[in-house]
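Observations on chain architecture
Each chain, letter by letter, is given below.
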Amino acid sequence: MKRFRDALEAQKAGKTLEEWEEKRREAKNESIQKEKKALGQAAKKAAKRAKKAFLETSQDGDEKLESPQALNSADIKSSLADENGMVIDSKEKLKKGIEKKAKKGNWMASKKKSPALVKGNVTADRLASSGARLNVFPTRMALTTLKNRLKGANTGHSLLKRKSEALTRRFREIVKKIDEAKRKMGKVMQVASFSYAEVKYSTGDISYQVRENAKIAQLKVKARQENVSGVQLPAFDLNVDGQNAFELTGLGRGGQQIQKCKETYQKAVEVLVQLASLQTAFVILDEVIKVTNRRVNAIEHVIIPKLENTIRFVQSELDEMDREEFFRLKKIQAKKKIRKDIEDAIREAAGLQPTLKNVPFKIFLSRFS
Amino acid sequence: MSVYQKDRSLIAVIGDEDTVTGLLLAGIGHVDSKQKANFLVVDSKTTLPTIEESFIEFTRRKDIGIILINQHVADDIRSMLDEYHQAFPTVLEIPSKDHPYDPAKDSILKRVQKLFGDDQR
């Protein structure tokens with residue numbers, strides 16, 4: 001249909017061209033300079049109009065037809081090869097300009113350029129930014145980095161989760177032991193108290209004497225480290241050193257009871273020390289498990305969704321850019337086709353053989369001038 | 001953590017006369033060069049601020065690894081014990097002759113129960 005229209009126009013144009021050429025032959029004396037000026041202006045106008053048409057995204061038939069018409073009239077009026085060259089030059093400049101813009105390939109630039117595409121981006125944004133995301137520029141490199149980070153986050157998450165599980169297992173063990181030790185402690189302390197009662201009975205009150213004699217500790221604890229999946233758990237060891245400060249206590253009477261009582265209490269202290277180390281481990285593990293769980297949850301519920309969101313955003317953004325690129329190429333193709341049609345029409349109008357492929361129009365025309 | 005644990009070698013005790021005497025007999029008693037003892041005998045005449053003061057002092061001393069405290073004394077300063085979350089020194093509640101041990105009152109065991117529910121026990 002379009003071709004048909006073009007052909008019709010070309011015919012009309014052909015007629016006018018013939019007439020015009022006849023006239024020209026008749027009026028050879030007219031100054032060529034003036035004509036050239038006028039024609040140049042016409043050509044420029046035509047080029048401007050063509051530019052307008054090119055930039056228009058709407059596929060209106062009227063708009064489309066306007067540019068061939070304008071170009072036709074301009075071209076026909078300027079049968080001189082020079083004038084034609086001017087038109088083509090201006091058209092080529094236009095084309096180059098478009099291609100430059102395309103080559104920039106700048107995401108922001110293209111976004112600003114066409115309102116329709118900006119709209120598309122906005123919807124994409126809304127889809128991708130349903131949650132929080134990192135502030136990154138959507139490039140392929142950023143995408144790769146993000147994917148690596150996501151992988152790292154997943155690995156870290158699984159590792160931390162395993163750590164937390166190991167710690168929790170240990171924690172439960174310790175809790176069970178604490179429970180047992182506390183019960184044991186009750187019994188041991190009972191026995192110790194009983195033996196002290198015996199001492200009281202046989203020796204009388206020695207408490208003041210004992211308190212006064214306490215100078216340097218004989219029973220000491222030593223902290224030891226135990227490693228549970230990267231957590232240093234302390235454990236106390238009881239060690240007996242130095243000399244017995246109470247060797248002479250109860251020398252008068254009840255010395256045996258006192259020594260027995262001392263042994264019982266030493267055993268009690270041993271149990272207490274065990275319990276204390278369990279309790280310390282309990283407190284530390286409790287803390288570490290809390291921290292680990294917090295980290296696991298942070299990775300699971302904050303970091304990973306954020307990364308996924310960002311990846312989705314970058315991907316949608318890249319897809320959008322691909323579509324833009326494709327659309328632009330299509331547009332350029334269409335424009336090139338229009339130009340070719342115009343040229344063909346001119347050739348036909350000039351009564352020449354249509355379209356010799358690969359021969360630039362300028363050269364082609366120059367053969368006949 | 002391990003650095004300041006090395007020095008923690010003493011066992012401190014806050015309790016009634018019998019408990020303290022028994023433990024001192026076992027040989028935990030230590031009086032340092034400044035005449036500071038690592039034990040406190042609590043009797044009917046001992047005031048609450050004294051207990052609190054010595055508890056705070058024991059928790060701040062760098063050479064004490066374990067603090068033993070009679071449960072009936074611990075009850076007097078329960079709020080302090082509940083707020084105490086340090087790993088070192090470890091505070092351990094022990095029964096006394098006159099007061100049998102009640103696991104339900106123990107600060108640590110309370111936390112255990114809180115974490116695992118009552119079915120654990």
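Above this text you will find the structure in question.
A quick note: this is a predicted structure, and the numbers were derived from the prediction, not measured. (Residues numbered from 1 in each chain as written. Chains lettered and ligands numbered in written order. Predicted model: local features only at pLDDT ≥ 70, side-chain atom pairs only at ≥ 80, totals over all residues. Heavy atoms only, no water.)

**Observations regarding the overall build of chain A**
When helices and strands are tallied, chain A shows ten helices and two strands. In chain A, the succession of α and β elements from N to C terminus is α-α-α-α-α-α-α-α-β-β-α-α. Taking all 369 residues of chain A together, 39% fall into the buried category. A sequence separation of at least 24 residues applies to 75% of the contacts in chain A between residues at least 6 apart. Total accessible area on chain A is roughly 23,000 Å²; 54% of this is exposed by carbon and sulfur atoms. (Helix = DSSP H or I, 4+ residues; strand = E, 2+ residues; numbered from the N terminus. Buried < 20%, exposed > 50% of the residue type's maximum accessible area, 1.4 Å probe, protein only. Contact = heavy atoms within 4.5 Å. Areas by Shrake-Rupley, 256 points an atom, 1.4 Å probe, with all protein chains shown as cover.)

**Some details on the packing of aromatic side chains**
What characterises a pair of aromatic rings is the spacing of the ring centres plus the angle enclosed by the ring planes. Residues and elements named next belong to chain A. Summed over all chains, the structure comprises two aromatic pairs over all chains. Judged by centre distance (5.1 Å) and plane angle (15°), the rings of Phe-171 and Phe-282 are stacked. Residue Phe-171 is found in helix 7 (residues 140-203), and its partner Phe-282 is found in helix 9 (residues 255-349); the two are separated by 111 residues along the sequence. A relative accessible area of 4% means that Phe-171 is categorised as buried. When its relative accessible area of 0% is taken as the criterion, Phe-282 is described as buried. (Phe/Tyr/Trp six-rings, centres within 6.5 Å; stacked < 30°, edge-to-face > 60°.)

**Thoughts on the environment of A:Phe313**
All names here are of chain A. By the element assignment, Phe-313 lies in helix 9. Owing to a relative accessible area of 5%, Phe-313 belongs among the buried residues under this scheme. Residues Phe-313 and Phe-137, spaced 176 residues apart in sequence, show a C-alpha to C-alpha distance of 9.9 Å.

**Remarks on the interface of chain B and chain A**
Taken together, the 48 residues of chain B in the interface contact 49 residues of chain A. Both sides of the chain B and chain A interface together cover about 4,300 Å² of buried area, and 68% of this is carbon and sulfur. In this assembly, chain B and chain A are joined by zero salt bridges. Counting every contact that joins chain B to chain A gives four residue pairs in polar contact (both at pLDDT 80 or more). For the side of chain B that touches chain A, the secondary-structure elements that each account for two or more residues are helix 1 (2-5), strand 1 (10-15), helix 2 (17-26), strand 2 (39-41), strand 3 (64-70), strand 4 (90-94) and helix 6 (107-116) of chain B. When residues in the side of chain B that touches chain A are grouped by element, the largest group, nine residues, is from helix 2 of chain B. (Buried area = accessible area lost by both parts, 1.4 Å probe. Salt bridge = Lys/Arg side-chain N within 4 Å of Asp/Glu carboxyl O. Polar contact = N/O pair within 3.5 Å; in protein donor to acceptor, adjacent residues only side chain to side chain.)

**A word on the nonpolar core**
Soluble globular proteins tend to pack their nonpolar side chains together in the buried interior. Ranked by internal contacts, the top residues of the largest apolar core, which has 60 residues, are A:Phe282, B:Leu23 and B:Leu68. Among the elements that line this core, the one with the most residues is helix 9 of chain A, at 18 residues. Setting aside residues up to four positions removed in sequence, B:Leu23 forms contacts with A:Tyr265, A:Val269, A:Leu272, B:Val13, B:Ile28, B:Leu68 and B:Ile94. Membership of the second largest hydrophobic core comes to 19 residues, among which are B:Ala12, B:Ile14, B:Ile69 and B:Tyr84. (Core = buried A, V, L, I, M, F, W, Y, C linked by side-chain atoms within 4.5 Å.)

**Thoughts on the pattern of salt bridges**
Opposite charge on two side chains permits pairing when their charged atoms draw close. A full pass over the atoms with the stated rule returns 13 salt bridges over all chains. Across the salt bridge formed by B:Glu57 and B:Arg61, the nearest N and O atoms sit 3.9 Å from each other. Judged by its relative accessible area of 28%, B:Glu57 is partly exposed. Accessibility expressed as a relative area gives 11% for B:Arg61, which makes it buried. Notably, a salt bridge pairs B:Asp75 with B:Arg78, separated by 2.6 Å at the nearest N-O pair. Connected via shared salt-bridge partners are A:Lys340, A:Asp344 and A:Arg347.

**Quick notes on the packing of helix 7 of chain A against helix 9 of chain A**
Residue and element names in this part refer to chain A. Close contact between helix 7 and helix 9 brings their axes to 4 Å; oriented N to C, the two are set at 165°. As the angle between them shows, helix 7 and helix 9 are arranged roughly antiparallel. Where helix 7 crosses over helix 9, the handedness of that crossing is left-handed. Partitioning the contact of helix 7 with helix 9 into residue classes produces 39 nonpolar, 16 polar and 17 charged. (Axes fitted to C-alpha atoms, helices over the stretch in contact; angles between N-to-C directions. Parallel < 35°, antiparallel > 145°, perpendicular 65-115°, else oblique. Left-handed = near helix turned anticlockwise from the far one by under 90°. Nonpolar A, V, L, I, M, F, W, Y, C, P; charged D, E, K, R; others polar.)

**With respect to the sheet that holds strand 2 of chain B**
Residue and element names in this part refer to chain B. Strand order in this open sheet of four strands is 2-1-3-4, and the pairing throughout is parallel. Pairing within the sheet leaves two strands with one partner each, and these edge strands are strand 2 and strand 4. Recorded for the sheet is a direction-independent mean angle of 20° between the axes of neighbouring strands. In this structure, strand 1 lies alongside strand 2, joined through three bridges in parallel fashion. Looking across to strand 2, one finds that Val-13 is bridged to Phe-39. Against the sheet, helix 3 (residues 48-60) makes contact with strand 1, strand 2, strand 3 and strand 4, and its axis sits at roughly 170° relative to strand 1, the strand it touches most. (Pairing = 2+ DSSP bridges.)

**Some thoughts on helix 7 of chain A**
Between its first and last C-alpha, helix 7 of chain A extends 89 Å over 64 residues, near the 94 Å set by a 1.5 Å rise per residue. Looking one or two places after helix 7 of chain A, you find A:Gly204, whose phi comes out positive at around 90°. (Expected span 1.5 Å × (residues − 1).)

**Structural notes on the packing of helix 9 of chain A against helix 2 of chain B**
It is the contact of helix 9 of chain A with helix 2 of chain B, at a shortest axis distance of 7 Å, that shows an interaxial angle of 95°. In terms of axis orientation, helix 9 of chain A runs roughly perpendicular to helix 2 of chain B. On helix 2 of chain B, the residues touching A:Ile258, A:Cys261, A:Lys262, A:Tyr265, A:Gln266, A:Val269 and A:Leu272 of helix 9 of chain A are B:Asp18, B:Thr19, B:Gly22, B:Leu23, B:Leu25 and B:Ala26. For the contact of helix 9 of chain A with helix 2 of chain B, the residue count by class is eight nonpolar, three polar and two charged.

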